[in-house]
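A structural walkthrough
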Amino acid sequence: MQLIPRHDPYMIVRSTGGVTVAALRGELDLVLVRHLRPELDALVRESDALTVDIRRLTFCDATGLGLLAHCAVRTRQRGSRWRLVCDQPWILRLIRLTELDDVLDPEGAPEGEAEGEPPGDRAGVFPEEWDLGPSGGLPDLVAPHWDPAGPLLSEPGVTRPVS
C-alpha cells in the first residue's frame, strides 16, 4: 500500500494495484469543493478503480454532492470502477432526496473493513493527530418544538381562534 504524499487535512489518499481510496474529512461545502476538485479530478483520470470514503464528513451541501456526482460520472465514463462508502443516514437521505442514488450508488463498508482502506488492508488511514471522535458524523438532531399557536405553523383544514 502506498500513501500518496500530501499535506491536506481534508483528504487522505491511498493507492495500490490500480485501486485508489480517497477518504474525505470535514465539511464538504463550496470552499472545500474548490480546494478538492482539482485533486479528485486527477484521481478520476489516473485510477482504474476509485473509492471515495465520506464516513468522516461532518457536513455536505449541494455543492459537495455535485462534486461527488461529477467524480462518479467521469470515473464511469472512463470505464473505471466507482465506489462511494457512506454510512451516515443524513448524507444518505440527501442523496435520496436529490435523486442521486443511481449516480452515486452509496454503500456501507463491508464488515471488518477499516475506514478509507481498500478491502483486505487493516492499517489506519487517518494520522494519529486527527481527533476522529465517535463514528456516525453529526450528533443526534432533535426536531424543533413548534408552538401550535405560533404564526409559522399552518395545517390544512385546521382553524385557530383569533385572540
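So, here is what we can say about the structure in this document. What you see is a predicted model; the values in this text were computed from it and never measured.

1. Examining helix H1 (residues 30–46)
The first and last C-alpha atoms of H1 sit 24 Å apart over 17 residues, in line with the 24 Å expected at 1.5 Å per residue. When we look at burial in H1, the residues that qualify are Leu32, Val33, Leu36, Leu40, Asp41, Ala42, Leu43 and Val44. Along its buried surface, H1 packs onto strand S2 (11–16), strand S3 (19–28), strand S4 (49–60) and helix H2 (62–77).

2. Brief notes about the side chain of Thr51
You can see Thr51 is positioned in strand S4. Excluding residues within four positions of it along the chain, Thr51 makes contact with Thr20, Val21, Ala22, Arg83 and Val85.

3. Describing the pattern of salt bridges
Per the counting criterion, the structure on display carries 3 salt bridges. Close ionic contact of Arg37 with Asp41 constitutes a salt bridge, the shortest N to O distance being 3.6 Å. Pair noted here: Arg37 and Asp41 are both in helix H1, with a separation of 4 residues, about one helical turn. Judged by its relative accessible area of 36%, Arg37 is partly exposed. Notably, a salt bridge pairs Asp53 with Arg55, separated by 2.7 Å at the nearest N-O pair. Here Asp53 and Arg55 have matching classes, each one buried.

4. Description of the environment of Thr75
As for its placement among the helices and strands, Thr75 is situated in helix H2. A relative accessible area of 0% means that Thr75 is categorised as buried. Taking the C-alpha atoms as reference points, Thr75 and Asp41, 34 residues apart in sequence, are found 9.2 Å from one another. Excluding residues within four positions of it along the chain, Thr75 makes contact with Val44, Leu50, Ser80, Arg81 and Trp82.

5. Details of unusual backbone geometry
Comment: phi is negative for the bulk of residues other than glycine, and the bulk of peptide bonds are trans. The phi dihedral of Glu99 falls on the positive side, at around 60°, and the residue is not glycine. Residue Asp105 is not a glycine yet carries a positive backbone phi of 45°. Looking at where Asp105 falls in the secondary structure, it is placed in the loop between helix H4 (101–104) and strand S6 (106–107). Exposure remark for Asp105: the relative accessible area of 43% places this residue in the partly exposed category.

6. Considerations on the nonpolar core
Among the nonpolar cores identified, the biggest contains 29 residues, and Leu24, Leu28, Ile54 and Leu104 are the most heavily contacted of them. Among the secondary structure elements, those contributing two or more residues to this core are S2, S3, H1, S4, H2, strand S5 (81–85) and helix H3 (89–97). Residues in contact with Leu28, not counting those within four places in the same chain, are Val33, Leu36, Leu57, Phe59, Cys60, Asp61, Gly64, Leu67 and Leu68.

7. Considering the packing of H1 against H2
At a minimum axis separation of 10 Å, H1 and H2 run at an interaxial angle of 10°. It follows from the interaxial angle that H1 and H2 lie roughly parallel. Between H1, through Leu30, Val33, Arg37, Leu40, Asp41 and Val44, and H2, the contact on the second element is made entirely by Thr63, Gly64, Leu67, His70, Cys71, Arg74 and Thr75. For the contact of H1 with H2, the per-class residue count stands at 6 nonpolar, 4 polar and 3 charged.

8. A short note on H2
Taking 1.5 Å per residue, 16 residues should reach 22 Å; H2 reaches 22 Å between its end C-alpha atoms and fits that length. Residues Gly64, Leu65, Leu67, Leu68, Ala69, His70, Cys71, Ala72 and Thr75 constitute the buried set of H2. Of the surrounding elements, those touching the buried residues of H2 are S3, H1, S4, S5, H3 and H4. Just past H2, the residue Gly79 takes up positive phi, approximately 85°.

Parameters and conventions
Residues numbered from 1 in each chain as written. Predicted model: local features only at pLDDT ≥ 70, side-chain atom pairs only at ≥ 80, totals over all residues. Heavy atoms only, no water. Helix = DSSP H or I, 4+ residues; strand = E, 2+ residues; numbered from the N terminus. Expected span 1.5 Å × (residues − 1). Buried < 20%, exposed > 50% of the residue type's maximum accessible area, 1.4 Å probe, protein only. Contact = heavy atoms within 4.5 Å. Salt bridge = Lys/Arg side-chain N within 4 Å of Asp/Glu carboxyl O. Core = buried A, V, L, I, M, F, W, Y, C linked by side-chain atoms within 4.5 Å. Axes fitted to C-alpha atoms, helices over the stretch in contact; angles between N-to-C directions. Parallel < 35°, antiparallel > 145°, perpendicular 65-115°, else oblique. Nonpolar A, V, L, I, M, F, W, Y, C, P; charged D, E, K, R; others polar.

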